[in-house]
Amino acid sequence: MKDLKGIVLAILIGAAVLLTLFFYVIGTGEIELNEIILVGIVLILVGLAMFIVWDRLKNIQKGLPAKDERVISISHKAGYYGFIAAIWSAVLIPTMIDIIFGYEPDAGDISAIVVLVSGFVFVASYLYLYQKGK
Amino acid sequence: MKTRIKELRARYDLTQEDLAKKVGVRRETILFIEKGNYNPSLQLAHDIAKALQTTIDDLFVFEEE
């Protein structure tokens, strides 16, 4: 039941993110290249999150647990990698943008980049460890 | 580390899914343990050994490096 609640919550969050993205794209009018990339990354993240949800739902339907010790261990490891990525992206990306493009991104841009990078690293690590077994 | 899970499953005519249900884990976890890609916790090793009516010592073969 607890697993099912988590899955429903994840689906609702995914739907809310997609809806927000839809209104953002509609409201923006002309979209620049960097916005297209950011929207693309968010779509990939939502897609990968939905894959994880689908995988857990599949196990529940078979009468198996949605999470077990291996999946919990993978989540912890992927969370650690995501955290490290968040720290490094917060330090390196503004510096790199400053060096390459010659302007300092504002706090909002940096926050968005940190969330996206850490989220992407989390999901990518999770899927890698998942197919590797540990 | 090698395991005799596959051999013992065959002896008791159990699929990976059956064994996974018995010990309360996902099927893939049994698969990865069989392939030697995942080292289970002592608790899970004990549960699998119990489900296959054997001991942990008999189930897992540790190779000296």
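The structure reproduced in this document is the subject of the present report. Quick caveat: nothing in here was measured; it's all calculated off a predicted structure.

## Observations regarding the overall build of chain B
At step 1: Within chain B, the secondary structure is distributed over five helices and two strands.
At step 2: The helix and strand sequence of chain B, counted from the amino end, reads β-α-α-α-α-α-β.
At step 3: Taking 65 residues into account, the globule formula puts the C-alpha radius of gyration at 11 Å, and chain B, at 11 Å, falls close to it.
At step 4: Counting only C-alpha atoms and orienting by the principal axes, one finds that chain B spans roughly 35 × 20 × 20 Å.
At step 5: Residues counted as buried form 45% of the 65 residues belonging to chain B.
At step 6: Restricting to contacts in chain B with at least 6 residues of sequence separation, those with at least 24 account for 53%.

## Remarks on helix H3 (residues 69-101) of chain A
At step 1: Over its 33 residues, H3 of chain A runs 45 Å from end to end, which matches the ideal 48 Å to within 8%, given 1.5 Å per residue.
At step 2: Along H3 of chain A, the largest kink reaches about 35° and is centred on Ser-89 of chain A.
At step 3: For H3 of chain A, the full list of buried residues reads Arg-70, Val-71, Ile-74, Ser-75, Ala-78, Gly-82, Ala-85, Ala-86, Ser-89, Pro-94 and Ile-97 of chain A.
At step 4: As for H3 of chain A, its buried residues are in contact with helix H2 (33-61) and helix H4 (107-132) of chain A together with helix H3 (27-35) of chain B.
At step 5: Within two residues after H3 of chain A, Gly-102 of chain A carries a phi angle of roughly 75°, on the positive side.

## Remarks on the interface of chain B and chain A
At step 1: Listed per partner, the contact involves 15 residues of chain B and 17 residues of chain A.
At step 2: At the boundary of chain B with chain A, total buried surface from both sides reaches about 1400 Å², with 48% on carbon and sulfur atoms.
At step 3: The largest per-residue losses of area from chain B upon contact with chain A belong to Arg-26, Phe-32 and Tyr-38 of chain B, which jointly make up 47% of the total buried on that side.
At step 4: Counting every contact that joins chain B to chain A gives one salt bridge.

## Comments concerning the packing of helix H2 (residues 16-23) of chain B against helix H4 (residues 42-51) of chain B
All names here are of chain B.
At step 1: Following both chains from N to C, one finds H2 and H4 inclined at 120°, their axes separated by 9 Å at the closest point. For the element pair H2 / H4, the angle class is oblique. The two elements H2 and H4 cross, and the hand of that crossing is right-handed. In contact with Leu-19, Lys-22 and Val-23 of H2, H4 contributes Leu-44, Asp-47, Ile-48 and Ala-51.

## Some thoughts on unusual backbone geometry
Residues and elements named next belong to chain B.
At step 1: One non-glycine residue with positive phi stands out, namely Asp-13, at about 55°.
At step 2: The residue Gln-53 is not glycine, and still its phi comes out positive at about 50°.
At step 3: Of note, Gln-53 is situated in the loop between H4 and helix H5 (56-59).
At step 4: On the basis of relative accessibility, which here comes to 61%, the residue Gln-53 falls in the exposed class.

## Looking at the environment of Val-39 of chain A
All names here are of chain A.
At step 1: For Val-39, the location among the structural elements is in helix H2.
At step 2: C-alpha of Val-39 to C-alpha of Val-123: the two residues are 84 residues apart in sequence and 16 Å apart in space.
At step 3: Not counting residues up to four positions away in its chain, the partners in contact with Val-39 are Leu-21, Tyr-24 and Val-25.

## Examining the packing of aromatic side chains
Residues and elements named next belong to chain A.
At step 1: A complete count under the given rule lists five aromatic pairs over all chains for this structure.
At step 2: For the ring pair Phe-51 and Trp-54, a centre distance of 5.9 Å and an interplane angle of 35° mean the geometry is tilted. Of this pair, Phe-51 and Trp-54 both sit in helix H2, three residues apart, roughly one helical turn.
At step 3: For Phe-51, a relative accessible area of 36% gives the class partly exposed.
At step 4: An aromatic cluster of three or more residues is present, and its members are Phe-122, Tyr-126 and Tyr-130.
At step 5: In this arrangement the basic side chain of Arg-70 is found over the ring face of Tyr-130, its NZ or CZ atom lying 5.3 Å from the centre.

Conventions adopted
- Residues numbered from 1 in each chain as written.
- Chains lettered and ligands numbered in written order.
- Predicted model: local features only at pLDDT ≥ 70, side-chain atom pairs only at ≥ 80, totals over all residues.
- Heavy atoms only, no water.
- Helix = DSSP H or I, 4+ residues; strand = E, 2+ residues; numbered from the N terminus.
- Rg over C-alpha atoms; globule rule 2.2 N^0.38 Å.
- Buried < 20%, exposed > 50% of the residue type's maximum accessible area, 1.4 Å probe, protein only.
- Contact = heavy atoms within 4.5 Å.
- Expected span 1.5 Å × (residues − 1).
- Bend = angle between axes of the 7 residues up to and from the residue.
- Buried area = accessible area lost by both parts, 1.4 Å probe.
- Salt bridge = Lys/Arg side-chain N within 4 Å of Asp/Glu carboxyl O.
- Axes fitted to C-alpha atoms, helices over the stretch in contact; angles between N-to-C directions.
- Parallel < 35°, antiparallel > 145°, perpendicular 65-115°, else oblique.
- Left-handed = near helix turned anticlockwise from the far one by under 90°.
- Phe/Tyr/Trp six-rings, centres within 6.5 Å; stacked < 30°, edge-to-face > 60°.
- Lys NZ or Arg CZ within 6 Å of the ring centre and 35° of its normal.

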